[in-house]
There are 4 protein chains.
Amino acid sequence: MNIQVNIVLGSDVPIYRQIVEQVKHAVATGALSEGDTLPSIRALANRLVVNHNTVAKAYNLLVQDGIARSEKGRGLFITAPRNLYSQEELRRRFDEAADRFVGDVLMLGFKKSEIVAAIQSRLAEVTILKD
Amino acid sequence: MNIQVNIVLGSDVPIYRQIVEQVKHAVATGALSEGDTLPSIRALANRLVVNHNTVAKAYNLLVQDGIARSEKGRGLFITAPRNLYSQEELRRRFDEAADRFVGDVLMLGFKKSEIVAAIQSRLAEVTILKD
Amino acid sequence: MNIQVNIVLGSDVPIYRQIVEQVKHAVATGALSEGDTLPSIRALANRLVVNHNTVAKAYNLLVQDGIARSEKGRGLFITAPRNLYSQEELRRRFDEAADRFVGDVLMLGFKKSEIVAAIQSRLAEVTILKD
Amino acid sequence: MNIQVNIVLGSDVPIYRQIVEQVKHAVATGALSEGDTLPSIRALANRLVVNHNTVAKAYNLLVQDGIARSEKGRGLFITAPRNLYSQEELRRRFDEAADRFVGDVLMLGFKKSEIVAAIQSRLAEVTILKD
DNA sequence: GTGGTCTAGACCACG
DNA sequence: GTGGTCTAGACCACT
């Protein structure tokens with residue numbers, strides 16, 4: 001299975017993080033699974049028209065996070081999932097994300113049910129998470 | 001009604017954004033409402049032990065978002081809500097926030113029901129939004 | 001296309017607003033268009049002999065008004081125009097500006113035809129507005 | 001003839017300037033003419049719910065500008081019109097106001113004809129200016 | 001190199 | 001007292 005990475009330049013999310021997140025997302029949805037290969041650094045950098053250091057940084061993070069492993073001269077391969085952070089760290093990140101989301105959305109005037117529905121519909125696409 | 005702002009120094013969330021979020025939250029929960037005054041820039045800066053420019057920046061953002069109005073020499077006051085942004089812009093900001101949240105939370109391993117519940121519990125405190 | 005920003009020090013118009021107005025004017029006349037880059041914060045600050053925070057403040061306002069977008073580590077870029085504000089907000093801002101202008105000009109003794117002509121001649125340079 | 005002064009607290013125009021402008025405007029439209037009397041400082045301050053120093057400052061400016069004269073113990077009286085500024089100063093103020101107005105309105109998306117019409121309709125109310 | 005955040009401290013205008 | 005503007009200079013994250 002291959003992966004289609006797209007980036008948004010004007011976002012406040014750094015490019016390298018967008019790449020990381022999309023690979024993670026692909027793994028989460030099953031679009032990528034163990035043993036699948038990622039595009040080469042230069043190929044992806046070329047296609048996204050970004051500096052190849054940026055792609056390299058993203059790939060390094062994927063390796064550090066245990067999501068991919070690099071094999072010299074062959075490329076990067078998706079690894080089997082494993083736990084990355086401590087429970088505390090997970091909870092801290094989760095709460096921070098939730099706080100930020102609610103804070104961002106608070107003054108936009110949407111109904112609570114719309115807000116919840118928007119999250120639910122996005123989560124519906126995800127296969128890696130339990131209900 | 002008054003507001004009690006607290007910040008965490010050394011967080012990866014900028015100080016000025018912590019202030020903004022807390023004021024927004026206070027407005028959203030009804031703890032602050034139209035006509036209420038915010039602590040003076042220098043008084044709050046003093047109490048939080050941050051530079052007054054940092055507080056000023058936070059307050060500026062509140063003014064730009066139509067949440068507060070500033071009166072030179074008098075202070076900052078919470079304003080009545082008004083339709084500042086267009087429908088498209090509201091939707092754009094909403095989608096951006098939702099996408100970001102789901103992306104941030106994806107790999108943390110929480111159950112979908114937990115994620116939704118976390119949002120719902122935060123929204124439960126909010127009084128300015130319809131169900 | 002590039003932009004040539006000039007400021008008048010010691011004016012009663014704040015430096016950051018002079019910068020904002022000139023960029024807006026350049027966009028309005030078509031001298032700057034989507035995708036064009038603004039001078040880097042520090043480069044412009046250097047050339048204008050002002051503090052880089054002052055330029056940063058000006059650029060921030062441009063971003064908040066949807067005129068430019070910032071990309072960390074890359075620079076600031078002119079964005080495509082979009083409907084940022086609601087109709088009510090546009091009208092409110094328009095009326096405020098018009099009231100202010102007429103109030104400012106009232107006691108200066110110019111003829112009505114001169115006042116209208118001055119506005120028309122300035123608008124003649126603008127390419128982004130319909131007649 | 002009496003004058004009805006109203007102020008807007010949340011405006012970026014200082015209160016004392018609002019008072020000055022409204023008196024000027026009243027003179028300009030003929031609502032006030034030579035010999036008419038202004039409300040006492042304390043009476044006006046009371047009615048507007050502002051500090052009496054603010055009203056005093058406004059009245060001082062009116063006297064300095066030659067629009068009113070104070071008679072001890074009797075009050076302030078409107079004087080005959082006379083020129084206040086040099087030609088250069090008048091032109092400078094005029095251009096600054098016009099530049100600011102056009103700058104403020106540029107990105108709001110109104111048609112040029114609407115902009116001109118808005119100014120013309122506001123000027124139509126003014127009686128002090130020649131066509 | 002780029003932009004983003006923050007501090008320390010100054011001066012001004014307004015009430 | 002209040003908020004607004006600006007400087008000088010620091011450190012950080014991103015490309």
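Summary of the structure given here. (Residues numbered from 1 in each chain as written. Chains lettered and ligands numbered in written order. Predicted model: local features only at pLDDT ≥ 70, side-chain atom pairs only at ≥ 80, totals over all residues. Heavy atoms only, no water.)

Turning our attention to the overall build of chain A. A count of helices and strands for chain A gives 5 helices and 2 strands. Secondary structure of chain A in N-to-C order comes out as α-α-α-β-β-α-α. Among the 131 residues that make up chain A, the fraction classed as buried is 41%. Intrachain contacts of chain A at a sequence separation of at least 6 include 51% that bridge at least 24 residues. Of the side chains in chain A, 17 bear a positive and 15 a negative charge, and the two mean positions are spaced by 5 Å. (Helix = DSSP H or I, 4+ residues; strand = E, 2+ residues; numbered from the N terminus. Buried < 20%, exposed > 50% of the residue type's maximum accessible area, 1.4 Å probe, protein only. Contact = heavy atoms within 4.5 Å. Lys, Arg positive; Asp, Glu negative; His and termini not counted. Charge placed at Lys NZ, Arg CZ, Asp CG, Glu CD.)

Another aspect to go through is the side chain of D:Arg122. Its location among the elements puts D:Arg122 in helix 5 (residues 112-124). When its relative accessible area of 17% is taken as the criterion, D:Arg122 is described as buried. Non-local contacts of D:Arg122, meaning those with residues more than four positions away in its chain, are made with C:Asp95, C:Ala98, C:Asp99 and C:Val102.

This part takes up the protein's contact with DNA strand F. What surrounds DNA strand F is a group of 28 residues, the closest being C:Ile15, C:Tyr16, C:Asn51, C:Asn53 and C:Thr54. Considering the 4 Å shell around the protein, atoms of DNA strand F inside it are sugar or phosphate in 69% of instances. Contact distances for DNA strand F include 2.9 Å between a phosphate oxygen and a side-chain N or O atom of B:Ser70. Residue B:Gly73 places a main-chain N or O atom 3.3 Å away from a base oxygen belonging to DNA strand F. Secondary structure elements with two or more residues in the surface near DNA strand F: helix 1 (15-29) and helix 3 (52-64) of chain A, helix 2 (41-48), helix 3 (52-64) and strand 2 (75-78) of chain B together with helix 1 (15-28) and helix 3 (52-64) of chain C. A total of 4 residues in the surface near DNA strand F trace back to one element, the largest contributor, which is helix 3 of chain C. (Near = heavy atom within 4 Å. Polar contact = N/O pair within 3.5 Å; in protein donor to acceptor, adjacent residues only side chain to side chain.)

Pairing of side chains with opposite charge becomes possible as their charged atoms draw close. Across all of its chains, the model carries 43 salt bridges over all chains by this definition. Among the ionic pairs, B:Asp95 bridges to A:Arg122, the shortest N-O distance being 3.2 Å. Taken together, the residues B:Asp95 in helix 4 (residues 87-106) and A:Arg122 in helix 5 (residues 112-124) connect one chain to another. On the basis of relative accessibility, which here comes to 25%, the residue B:Asp95 falls in the partly exposed class. C:Arg17 is paired through a salt bridge with D:Asp104; the nearest N and O atoms lie 4.0 Å apart. (Salt bridge = Lys/Arg side-chain N within 4 Å of Asp/Glu carboxyl O.)

For the rest of this paragraph, the subject is the packing of aromatic side chains. One pass over the full model with this rule turns up 7 aromatic pairs over all chains. On the basis of an interplanar angle of 25 degrees and a centroid distance of 4.4 Å, the ring pair of A:Phe110 and B:Phe94 is categorised as stacked. Taken as a pair, A:Phe110 in the loop between helix 4 (87-106) and helix 5 and B:Phe94 in helix 4 lie in two separate chains rather than in one. Each member of the pair, A:Phe110 together with B:Phe94, is buried. (Phe/Tyr/Trp six-rings, centres within 6.5 Å; stacked < 30°, edge-to-face > 60°.)

Moving on to the relation of the copies chain B and chain A. With an RMSD of 1.2 Å, chain B superimposes on chain A once it is rotated by 180 degrees and translated 0.4 Å along the axis. When the rotation and shift are considered jointly, the pair of chain copies conforms to a two-fold rotation axis. For chain B, the smallest separation between a C-alpha atom and the rotation axis is recorded for B:Phe101, amounting to 2.7 Å. When you check the interface residues of chain B against chain A, 96% turn up at the interface there too, and the contact is symmetric in its surfaces. (Least-squares fit on C-alpha atoms with pLDDT ≥ 70 in both.)

Look at helix 4 (residues 87-105) of chain C against helix 5 of chain D: their axes get within 10 Å of each other, and the N-to-C directions meet at 50 degrees. Between helix 4 of chain C and helix 5 of chain D, the angle is such that the two are oblique. The interaxial crossing formed by helix 4 of chain C with helix 5 of chain D has right-handed handedness. Counting all contacts with helix 4 of chain C, which are made through C:Phe94, C:Asp95, C:Ala98, C:Asp99, C:Phe101 and C:Val102, the residues of helix 5 of chain D involved are D:Glu114, D:Ile115, D:Ala118, D:Ile119, D:Arg122 and D:Leu123. (Axes fitted to C-alpha atoms, helices over the stretch in contact; angles between N-to-C directions. Parallel < 35°, antiparallel > 145°, perpendicular 65-115°, else oblique. Left-handed = near helix turned anticlockwise from the far one by under 90°.)

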